[in-house]
Amino acid sequence: MNPLIEMSGCSFAYEPGKTVLERVSARLAPGELLGIVGPNGCGKSTLLRLLAGVLRPISGHVRIADKEAASLSQLQRARTVGFLPQTVNPIFAMRVLDAVCLGRFPHVGAFGTLSPHDRAVADRCLTETETESLRDRDFLSLSGGERQRVLLASVLAQEPRALLLDEPTSSLDVHHQIEIFALLRDLRSAERGIAVVTHDINLAGRFCDRIVLLGQSARGVVAEGSPVDVLTEPLLSKAYGAQIRVCQHPLTGTPLITVDAPAESKR
Ligand SMILES: Nc1ncnc2c1ncn2[C@@H]1O[C@H](COP(=O)(O)OP(=O)(O)O)[C@@H](O)[C@H]1O
Ligand SMILES: [Mg+2]
């Protein structure tokens, strides 16, 4: 099946001469949960913004549903791609339900009137993210973790075929982190693919179908493939520039990663 998003040979720099990504190729296919991992500042968010069509590459191509990303309007992109950035700072008060309904914007008509179907989708997304009890709360009154789940509900309400999420579990407790990853795994389907940037390599290894590992000084992809093929000591150590140990998760058998503290690595 054709990928939902295909990026080929893309380079990007925010400032002239400071290349963040160099000739990077990546794709998101329907049916997969793709994990994008790597050390701080290596370009994970940049890669996700390029895949979302929010940033344009200096060279190379990004195709969304077989169309050149640069040729699509914001609304056209939003019908295929749901993008949740790393930080969202709303500046005005809004009821949680209204924030989730905002996610319907690519589907509502010219006057922005919500149909019963739009409201049903919003209700379903609140249920899926376990935020129904928050529906009448003011978004600004929520905790960081509650906000993240509501934002996920909002982007889900867009019903995108490609869902791109930048660290959606970063301020969640461990229980909700696992719940969100399990939910994302359930949400992938024959039509829908999901890419998630995360700094939690263990969760990525446990839940993702495929991993893209970016490197500290690689300006791009160090390795790409299944979690067991990518999350290995040599590849992770190269990507992170640190001595990484990999063992097996006692319950799931998936890669379990730990890093030596400076004193330990000298032993
Ligand atoms: N808006 C920006 N302007 C200038 N430099 C940026 C901007 N956003 C990110 N960068 C730089 O680009 C590099 C990659 O950043 P980013 O993609 O956010 O990394 P990651 O998500 O892996 O932490 C970093 O060196 C960062 O400082
Ligand atoms: Mg980032």
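Coordinates for the structure precede this section.
Fair warning: this is a prediction, and the values are worked out from it, not measured in the lab.

Calculation notes
Residues numbered from 1 in each chain as written. Chains lettered and ligands numbered in written order. Predicted model: local features only at pLDDT ≥ 70, side-chain atom pairs only at ≥ 80, totals over all residues. Heavy atoms only, no water. 1 Å grid on protein atoms, 1.4 Å probe; cavity = no way out; pocket = protein on both sides within 12 Å on 5 of 7 lines; lining within 4 Å. Points joined across faces, edges and corners; volume = space filled by probe spheres on them. Nonpolar A, V, L, I, M, F, W, Y, C, P; charged D, E, K, R; others polar. Near = heavy atom within 4 Å. Polar contact = N/O pair within 3.5 Å; in protein donor to acceptor, adjacent residues only side chain to side chain. Areas by Shrake-Rupley, 256 points an atom, 1.4 Å probe, with all protein chains shown as cover. Helix = DSSP H or I, 4+ residues; strand = E, 2+ residues; numbered from the N terminus. Pairing = 2+ DSSP bridges. Contact = heavy atoms within 4.5 Å. Axes fitted to C-alpha atoms, helices over the stretch in contact; angles between N-to-C directions. Donors = N, O, S within 2.8 Å, 3.2 Å for Na, K, Ca; no water.

Novice: Describe empty space enclosed by the protein, naming the residues involved and giving the relevant values.
Specialist: A complete count under the given rule lists 1 cavity of 30 Å³ or more for this structure. Here the largest cavity defines a volume of roughly 40 Å³. Taken together, Glu167, Thr169, Ser170, Gln177, Thr198, His199 and Asp200 form the lining of the largest cavity. Within the lining of the largest cavity, the residues separate by chemical class into no nonpolar, 5 polar and 2 charged.

Novice: Describe the site of ligand 1, and please don't skip the residues or the numbers.
Specialist: Around ligand 1, the neighbouring residues are Tyr14, Val20, Pro39, Asn40, Gly41, Cys42, Gly43, Lys44, Ser45 and Thr46. Here an oxygen atom of ligand 1 and a backbone polar atom of Cys42 are 3.3 Å apart. Look at ligand 1: alone it shows 560 Å² of surface, and the protein chains cover 58% of it. The biggest single contributor to the shell around ligand 1 is helix α1 (residues 44-52), with 3 residues.

Novice: Quick one: what's the story with the sheet that holds strand β1 (residues 5-15), residue by residue and with numbers?
Specialist: Here 4 strands make up an open sheet; going across it, the order is β2-β1-β4-β5 and the pairing antiparallel. In the strand order of this sheet, the two ends are held by β2 (18-28) and β5 (67-68), each with one partner. Here β1 pairs with β2 via 7 bridges, running antiparallel. Note that in β2 the partner of Ile5 across the bridge is Leu28. Packed onto the sheet, α1 meets β1, β2 and β4 (59-64) and runs at close to 125 degrees relative to β1.

Novice: A description of the coordination of the magnesium ion (ligand 2) should follow, citing residues and the corresponding values.
Specialist: All of the protein donors around the magnesium ion (ligand 2) are Ser45 (OG) and Gln86 (OE1); their distances to the metal are 2.1 to 2.4 Å. Remark: Gln86 occurs in the loop between β6 (81-84) and α3 (96-102) and Ser45 occurs in helix α1; sequence separation between them is 41 residues.

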